[in-house]
Every structure is written in structure tokens, then in C-alpha cells.
Amino acid sequence: MRYEGDIYRPPSEAYSLLIQVTIGCSHNKCTFCSMFKDKRFRVREISEVLEDLETARKTYRRVEKIFLCDGDALCLSNDKLLVILNRIRELFPECKRVSVYGSAKDVLRKTEEELKTLRENGIGMIYLGAESGSQKVLDAICKGVTREQMIEAVHKIEDAGIKSSVTFISGLAGKAGWEEHAAETGKMISEMNASYVGLLTLMLDPRAPIYGQIQRGEFQLLSGEEVVAETYLLLKHANPTKSCVFRSNHASNYVSLRGDLPQDKERMMAQLKRAMEDTGLLKDERFRML
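Since this is a predicted model, take the numbers as computed values, not measurements.

J.: Describe the pairing of strand S4 (residues 65-69), and please don't skip the residues or the numbers.
T.: Extensive coverage of S4 is indicated by the burial of 4 of its 5 residues. Inspection of the sheet shows strand S1 (residues 17-20) paired to S4 by 4 bridges, in the parallel sense. Bridge pairing in S4 links Ile19 to Leu68. Where S4 and strand S5 (residues 97-101) come together, 4 bridges link them in parallel fashion. When the sheet's bridge partners are listed, Leu68 is paired in S5 with Val100.

J.: Could you give an account of empty space enclosed by the protein, with specific residues and numbers?
T.: A full pass over the atoms with the stated rule returns 1 cavity of 30 Å³ or more. Taken as a whole, the largest cavity holds about 60 Å³ of empty space. Residue lining of the largest cavity: Ser170, Leu199, Thr201, Val227, Val228, Thr231, Ser248, Asn253, Tyr254, Val255, Leu257 and Leu272, and that is the complete set. The set of elements that each furnish at least two residues to the lining of the largest cavity consists of strand S8 (196-201) and helix H9 (224-237).

J.: Tell me what's going on with a negative patch on the surface, and back it up with residues and numbers.
T.: Together, Glu112, Glu113, Glu120 and Asp159 make up a negatively charged patch on the protein surface. Residue contributions to the negative patch peak at 3 residues, all from helix H4 (residues 112-120). Here Glu112 shows up in helix H4. The exposure class assigned to Glu112 is exposed, which follows from its relative accessible area of 55%.

About the thresholds
Residues numbered from 1 in each chain as written. Predicted model: local features only at pLDDT ≥ 70, side-chain atom pairs only at ≥ 80, totals over all residues. Heavy atoms only, no water. Buried < 20%, exposed > 50% of the residue type's maximum accessible area, 1.4 Å probe, protein only. Helix = DSSP H or I, 4+ residues; strand = E, 2+ residues; numbered from the N terminus. Pairing = 2+ DSSP bridges. 1 Å grid on protein atoms, 1.4 Å probe; cavity = no way out; pocket = protein on both sides within 12 Å on 5 of 7 lines; lining within 4 Å. Points joined across faces, edges and corners; volume = space filled by probe spheres on them. Patch = residues over 30% accessible without salt bridge, like charges linked within 9 Å, V, L, I, M, F, W, Y side chains within 5 Å. Areas by Shrake-Rupley, 256 points an atom, 1.4 Å probe, with all protein chains shown as cover. Salt bridge = Lys/Arg side-chain N within 4 Å of Asp/Glu carboxyl O. Lys, Arg positive; Asp, Glu negative; His and termini not counted. Charge placed at Lys NZ, Arg CZ, Asp CG, Glu CD.

Pasting the structure below:
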């Protein structure tokens, strides 16, 4: 297997075979992100991807899930993706799901029929980083998409029969904008009706542009207690009309939450309220990591 640079995958893809289809991220401008700053974006030669799949088949007895890296493999044309998916089906008949990262713009460039074709050929999950439901925050972090585009993309994915997994980030608006960030993110979760929602907490990396903003005093980080209050407000506004798996149990989070929305909303809010009353329940900074 051949990999270029650091390789990233969603937590739920921990046991998946990782196949690098693109190098880096085609956008790569988000101020909070340092994942692909050391890479110049390019699409790998399909022949190289197929060679890696063949090597993996010789190496692993059973592969039930495959994740196509890097930042947005969904930017590939369907013609290229289908060559890869067809080879996966030939080599790994036991594979139950192929997943990818995708941006809202990647999704919106696909027609409904193209997305359905990807689902019919093995794509079962598309991961999107929404980060915030606030347009003000999206602009500040240079996300490059609108709130409406993000919601439309999730609807398009779900309508095609593919599961969407959407990630948001606590603390991304700092002290100045946490209330809007929380309320608008909760409302976006309600409007999206994604199959899965994950909530991370902002972590510092000197390579990320936001680090310089913090050093210059332009951005003030939330304390652990403030992050919990922000999450409480987010959940208060989160009312999806279909069942949504909600997870805030990443290593970066101060309080671990697991449940379904809207069914488990009150239980999770009660858990956060206890943590606000007893800060000893918050994860120590030493144990928070990416």
C-alpha cells in the first residue's frame, strides 16, 4: 500500500481499508484545519488506485468496509469513481460499504441520477464537514459554501438513498459568537435531517490559520464550561423530524454524549446540565486530543 503524507479518516472508519484516491483537499482554505496544509491537491492516477486495491486483496483476508481518502474523493467524476467501485466489487465481494469525504459543492455538482448510481455501486456513506450552521461563522472560517448549500447537499445525499454523516465543531465561533453558532447549528441539524451528526470540539494546531488569530488576540477560545453551555444550547434548537444518530464522544469533547435525536435529546441535555453544575465531570485537558 502506498500513502502520501498524513492520512485522516472519520472515527467510524477505524476498521476500514483506507485507499488514497486524491492527495489533499481541493479547498484547503478552512482556517481551523491543518489536515492537508502539507499537501498540494491532485487526483491520483486511477491505475495507482487499482494497484493499491490489488495489493490490499493479497494482504487482507476480509475487508468489510473501505474508505476513499483524502479530503474529498467525491470530487472525482462518476466515470472515474465507477472504475474504482467496480474493481472493489470484483476484488472484495464481502465489502458491505464504501465511504468518502465530500464537500457540499462536490455533492451539488452530481446529478440525482449520478448519486443514485454511486449508491447502487457501493457508496453507502458520504461524510461532510458542515462545522457551523451560522453563515457568519462559515464566512469567518473560509468554508467556501453557504448554509443553504450545505442543507441542500445533505437532502440530495439522503434522497439518493445514501447515508450522510455531518460534522460540526464546538467552540468554532469563540467567545464572541458562541450563542449564534450554537443556535444556528441546532437549527441546521433540524433542517438537514441527516442520518448521522457528529460534534467535535475545536483543538489547537499551530499549522492552522486560526492559531495565529488566537495568538494575536483576535479570537478567544471557550473554556470547557463554556463549550458545555454551547452544546446545551445547540441541542435545545436541534429538532430533526426523522431519527438522527447523534455523537459527541470524540477524544476532543469535554463530555461524552451518545444518543438519537430527537428521542434522547432530554437525556443528553440533562447530562450536560449535570456537567455545568459539577465541572469535575468535564474531561481533563490532558486527555483531550485529535
